[in-house]
Amino acid sequence: MSSSLAANGDMLVILRHAPHGSSWLREGLDAALVAAAFGQRVSLLFQGDGIMALVPGQEPGALGQKGTAATLDMLAMYDIESFYADASALDRFDMAPDDLQLPSLPVDGATIAQLIASHRLVLTF
Amino acid sequence: MILHILNRSPGTSLVYRDTLSAMGPEDRLLLIEDGVLGALTSQVRHFQSVEGRLFALREDLASRGLEGRCDETVQVVDVDGFVTLTEEADKTVSWF
Amino acid sequence: MRYGLLVQGAPYSSQASHSALRFATALIARGHQLECVFFYHDGVYNASRLAAPPQDEPHLVDAWRGLNAGHGTQLQVCIAAALRRGLLDERESARHGKTGHSIEPPFELTGLGQLVDLGNQVDRLVTFAP
């Protein structure tokens, strides 16, 4: 777990909702993608139920709802490369940090506080 | 100093725990909407770690009939006070 | 100071719109500038020109319009979030072959890039969510 000083950036997007159950995650990722396309340095923090976005093997919904797994693969194309995962949520859901769809750095509360402090703008979804 | 704004009751949502753990030592927490339920004497123990930095919005307490039940350790602010808190903070983070 | 608000809650479903309007009025009264309110997620419903609340309830859509008329605050609605939810201005309505429109000025359909710009322009961006 990292407790070292976190990266600086223009925008920290905190994703707190799981895929499929609501549009929060998708709309949060859209905001991150657009910000990156506008040249902002964007970091993503998956927190609470939001770490479910990182579970491998997600599928579209039964009606063909896209979900968000495909969007995660696009992040690198937009030069979003700073991914953080709430360590306590990983523990709670028994998820191994090396078995995530995106390689994300597990972070504790103190590091999350540093992330919030070191990004000019913080948006929660 | 960062102003954190929380609108969920500790009785229905655990988001307050993530909020508290994400707060720096100087940061402040403002309870609004259903968040003001956390300011009641019976609930305020959840926010012990930010005692002295805990605020609640008066009109959200009053509309719920809770002004008299707000714990005395909580600093009650009106909407002007809300604006002042945002002036004094470097930025705000909303938790819901 | 220059402020921007991000509203993500639908009117009459959550308190988010009320809280945002109260905060908007108070910050303007304190002499600050409210540049823009950006509506995203279910907040886009705040822009519906067809909202018809009972007369003894606050008319939230009119209150937003009042901010624009009285203070020049821009009212921007995320186009991707709005179109999915059936909120279209005249131009989008025609483009999609619909017979009516549900958004009109002073609300403007715009891209998420405007939210990014807003975040860069203002001193404080405050989110009101459901």
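Above this text you will find the structure in question.
The following refers to the structure shown.

Scoring rules and cut-offs
Residues numbered from 1 in each chain as written. Chains lettered and ligands numbered in written order. Predicted model: local features only at pLDDT ≥ 70, side-chain atom pairs only at ≥ 80, totals over all residues. Core = buried A, V, L, I, M, F, W, Y, C linked by C-beta atoms within 7 Å. Buried ≥ 20, exposed ≤ 12 C-beta atoms within 10 Å, placed from the backbone. Helix = DSSP H or I, 4+ residues; strand = E, 2+ residues; numbered from the N terminus. Contact = placed C-beta atoms within 7 Å. Axes fitted to C-alpha atoms, helices over the stretch in contact; angles between N-to-C directions. Parallel < 35°, antiparallel > 145°, perpendicular 65-115°, else oblique. Left-handed = near helix turned anticlockwise from the far one by under 90°. Nonpolar A, V, L, I, M, F, W, Y, C, P; charged D, E, K, R; others polar. Expected span 1.5 Å × (residues − 1). Arc of directions from axis to C-beta. Pairing = 2+ DSSP bridges.

### Observations regarding the nonpolar core
Grouped together as the largest cluster of nonpolar side chains are 113 residues, with contacts concentrated most on Val13 of chain A, Leu30 and Leu31 of chain B together with Val44 and Val77 of chain C. Residue contributions to this core peak at eight residues, all from helix α1 (residues 24-37) of chain A. What valine 13 of chain A contacts, discounting residues up to four positions off in sequence, is Gly28, Ala31, Ala32, Val42, Leu44, Leu123 and Phe125 of chain A.

### A word on the packing of helix α1 (residues 16-29) of chain C against helix α2 (residues 60-71) of chain C
All names here are of chain C. Running from N to C, α1 and α2 cross one another at 20 degrees; their axes reach a closest spacing of 11 Å. In terms of their interaxial angle, α1 and α2 are classed as roughly parallel. As for how α1 packs across α2, the hand of that crossing is left-handed. When α1 is examined against α2, the residues Ser17, Leu21, Ala24 and Ile28 are found in contact with a partner set consisting of Leu60, Ala63, Leu67 and His71.

### Focus: the interface of chain C and chain B
On the side of chain B, twelve residues touch chain C, which itself brings 14 residues to the contact. Where the side of chain C that touches chain B is concerned, the elements lending two or more residues are α1 and β5 (124-128) of chain C. Among the elements that take part in the side of chain C that touches chain B, α1 of chain C stands out by supplying five residues, more than any other. Counted by class, the side of chain C that touches chain B contains eight nonpolar, three polar and three charged residues.

### Some details on the interface of chain C and chain A
In this assembly, eleven residues from chain C lie in contact with twelve residues from chain A. Mapped onto the side of chain C that touches chain A, the elements with two or more residues apiece are α3 (79-84), α5 (112-121) and β5 of chain C. If one sorts the elements of the side of chain C that touches chain A by residue count, α5 of chain C sits on top with five residues. Here the side of chain C that touches chain A is composed, by residue class, of seven nonpolar, four polar and no charged.

### Remarks on α2 of chain C
Residue and element names in this part refer to chain C. Taking 1.5 Å of rise per residue, the twelve residues of α2 would be expected to cover 16 Å, and the 16 Å separating its terminal C-alpha atoms lies within 8% of that figure. Among the residues making up α2, those that are buried are Leu60, Val61, Trp64 and Leu67. The buried residues of α2 occupy an angular sector of 120 degrees when projected down its axis, which confines them to one face. Those residues of α2 that are exposed and angled more than 90 degrees off the buried face are Asp62, Ala69 and Gly70. Buried residues belonging to α2 abut α1, β2 (33-39) and β3 (74-78).

### Side note on the pairing of strand β3 (residues 54-57) of chain B
Residue and element names in this part refer to chain B. A two-sided burial pattern is seen for β3, the buried positions comprising Leu54 and Ala56 on one face and Phe55 and Leu57 on the other. Here strand β2 (residues 28-31) runs beside β3; their pairing, made up of three bridges, is parallel. Note that in β3 the partner of leucine 30 across the bridge is phenylalanine 55. Where β3 lies against strand β4 (residues 75-77), three bridges are found, and the strand directions are parallel.

### Considering the pairing of β2 of chain C
Every regular strand shows the same layout, with side chains that alternate between the two sheet faces. All names here are of chain C. Of all the seven residues making up β2, five are buried; the element is thus mostly covered by neighbouring parts of the structure. In the sheet, strand β1 (residues 2-7) pairs with β2 via six bridges, with the strands oriented parallel. Looking across to β2, one finds that glycine 4 is bridged to cysteine 36. Pairing analysis gives four bridges linking β2 to β3, with the strands arranged parallel. The residue bridging cysteine 36 from the neighbouring strand is glutamine 74, located in β3.

### Let's talk about the sheet that holds strand β4 (residues 107-110) of chain C
All names here are of chain C. Spatial strand order, β4-β3-β2-β1-β5: five strands in an open sheet with parallel pairing. The open sheet has two free edges, formed respectively by β4 and β5, since each of these has just one partner strand. Ignoring strand direction, the axes of neighbouring strands in this sheet form an average angle of 25 degrees. As judged from the four bridges shared by β3 and β4, these two strands associate in the parallel manner. Bridge pairing in β4 places leucine 75 opposite phenylalanine 107. Along the sheet, α1 contacts β1, β2 and β5; its crossing angle with β1, the most-contacted strand, is approximately 170 degrees. Along the sheet face, α2 touches β2 and β3 and points at about 150 degrees away from the line of β2.

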